[in-house]
Amino acid sequence: MNRMPKIFLMLGLVGITFSAQAASDVAKVNGKAINPALVDLIYKDLVTRGQKVDENTRTLIVNKLIGSEVLLQDAHRQGIDRQPDFLVKKEMMERELLVGAYLESYLVKHPVAEADIRAEYDKYKAQIGTTEYSARHILVNSEEDAKAIIADLGKGNDFAAVAKAKSLDPGTRDRGGELGWFSPVAMVKPFADAVVKLQKGELAKEPIKTQFGWHVLQLNDARDAQPQPYEQMKDPLQKQIQQRNMEKLVTDLKAKAKIVQGASK
């Protein structure tokens, strides 16, 4: 969660690397010493970015820090640090920085166990089921229009051509209504219920109503479900669990806190 401080990005330190030498006397500007820890901070951030060390970069970094220091001192002299807009932005940045550090520490202290990731993966496999389907559809506004299309298809009209001409679904219309392979859980329930009842190549005899409109549906094929391998899913599932844990942390802390909303209360 470490990020390069914005001031250093503005001063052109992106892509610069250097040796970390936390000397006691980096530099002084108008008698004020530049904190060597700033050098370490920038160093660690740039190393994280995979940059290489250059023998001249320490001098360059110090010069950039000197540049930011003279700007900082003049900003104080002009009272910018006391302006209301600045103070609000400063508070927001401090909140974000501290909350970020707190959550980073929380995640380190509460790592996600491998068993929990495996359990989440098992849930994922259970959700997608044992079978996935390939189907195509034509979406229209009314049941009457859908029934008329079903009748036309029954007479031998080409499904893809009708879909391109009449379907209201912009995502599939140009593909002749093709939805590709999907798990029923990825579809709204009326549509999924209709899909699983069809045989390969079968056109649904009645249109299916969903919140999107009326669907003319044909099943292309079905096959055994092919879930993504565990190793591909591990990182996203870990992040998903971490996110859920952090949301629970906030909920628990709010439950313990005395919260009064409204300026008049």
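Everything quoted here is computed from the prediction, not taken from an experiment.

Here is what the cut-offs are and how they apply
- Residues numbered from 1 in each chain as written.
- Predicted model: local features only at pLDDT ≥ 70, side-chain atom pairs only at ≥ 80, totals over all residues.
- Heavy atoms only, no water.
- Pairing = 2+ DSSP bridges.
- Helix = DSSP H or I, 4+ residues; strand = E, 2+ residues; numbered from the N terminus.
- Axes fitted to C-alpha atoms, helices over the stretch in contact; angles between N-to-C directions.
- Contact = heavy atoms within 4.5 Å.
- Phe/Tyr/Trp six-rings, centres within 6.5 Å; stacked < 30°, edge-to-face > 60°.
- Buried < 20%, exposed > 50% of the residue type's maximum accessible area, 1.4 Å probe, protein only.
- Lys NZ or Arg CZ within 6 Å of the ring centre and 35° of its normal.
- Expected span 1.5 Å × (residues − 1).
- Bend = angle between axes of the 7 residues up to and from the residue.
- pLDDT = per-residue confidence, 0-100.
- Left-handed = near helix turned anticlockwise from the far one by under 90°.
- Nonpolar A, V, L, I, M, F, W, Y, C, P; charged D, E, K, R; others polar.

Engineer: Just checking my understanding: could you explain the sheet that holds strand S5 (residues 208–210) for this structure?
Structural biologist: The strands that make up a sheet pair up through hydrogen bonds in the backbone, lying either parallel or antiparallel. Here we have 4 strands laid out as an open sheet, ordered S4-S3-S6-S5, and antiparallel in their pairing. At either end of the open sheet lies a strand with only one pairing partner, and these are strand S4 (178–182) and S5. Across the sheet, the mean angle separating the axes of adjacent strands is 40 degrees when strand polarity is ignored. Sheet topology places S5 next to strand S6 (residues 213–224); 3 bridges connect them, and they run antiparallel. Residue pairing for S6: Lys-209 is matched across the bridge by Trp-214. Those strands touched by helix H6 (residues 143–154) are strand S3 (131–140) and S6, and its axis lies near 50 degrees from that of S6.

Engineer: What is the right way to read the packing of aromatic side chains from this model?
Structural biologist: For any pair of aromatic rings, geometry is given as the distance between the ring centres together with the angle between the planes. Tallying each qualifying case throughout the model produces 2 aromatic pairs. Ring plane angle 40 degrees and centroid distance 5.7 Å describe the contact between Tyr-121 and Tyr-124, whose orientation is recorded as tilted. Remark: Tyr-124 and Tyr-121 occur in helix H5 (residues 114–128); sequence separation between them is 3 residues, near one turn of the helix. Residue Tyr-121 is classed as buried on the basis of its relative accessible area, which comes to 8%. Taking the centre distance of 5.4 Å and the plane angle of 80 degrees together, the rings of Tyr-121 and Tyr-230 count as edge-to-face. Separated by 109 residues along the polypeptide, Tyr-121 in helix H5 and Tyr-230 in helix H9 (residues 230–256) bring together distant segments of the chain. The same class applies to Tyr-121 as to Tyr-230, namely buried. Taken together, the ring pairs in this structure connect Tyr-121, Tyr-124 and Tyr-230 into an aromatic cluster. The side chain of Arg-118 reaches across the aromatic face of Tyr-230, ending 3.6 Å from its centre. Positioned over the ring face of Trp-181 is Arg-223, at 3.9 Å from the centre of the ring.

Engineer: For this particular structure, what's the right way to read H9?
Structural biologist: Owing to its 3.6 residues per turn, the α-helix aligns residues three or four sequence positions apart on the same side. For H9, built from 27 residues, the straight-helix expectation of 39 Å at 1.5 Å per residue is met to within 8% by its first-to-last C-alpha distance of 37 Å. At Pro-236, H9 shows its largest bend, some 25 degrees. In the core, the buried residues of H9 are packed alongside helix H4 (84–109) and H5.

Engineer: Looking at this model, I keep getting lost on the confidence of the model for the protein chain. Mind explaining?
Structural biologist: The predicted structure's coordinates, where accompanied by low pLDDT, should not be read in detail. The predicted model of the protein chain averages 89 in pLDDT, with 89% of residues at 70 or higher. Within the model, pLDDT remains below 50 along residues 13–23, and this stretch shows 38 contacts once partners closer than five positions in the same chain are excluded.

Engineer: Teacher, can you tell me more about the packing of H4 against H9 here?
Structural biologist: For any two helices packed against each other, the geometry comes down to the angle between their axes and how far apart the axes lie. Look at H4 against H9: their axes get within 11 Å of each other, and the N-to-C directions meet at 115 degrees. The two elements H4 and H9 meet at a crossing, and its hand is right-handed. For the pair H4 and H9, the contacting residues are Tyr-102, Leu-103, Tyr-106 and Leu-107 in the first and Gln-242, Asn-245, Met-246, Leu-249 and Leu-253 in the second. Residues of the contact of H4 with H9, tallied by class, amount to 7 nonpolar, 2 polar and no charged.

Engineer: What is the right way to look at the environment of Val-140 in this model?
Structural biologist: Considering the arrangement of structural elements, one finds Val-140 in strand S3. Along the chain, Val-140 and Ala-163 lie 23 residues apart, while their C-alpha atoms are 9.8 Å from each other. Not counting residues within four places of it along the chain, the set of residues in contact with Val-140 comprises Asp-145, Ala-146, Ile-149, Lys-166, Leu-168, Gly-213 and Trp-214.

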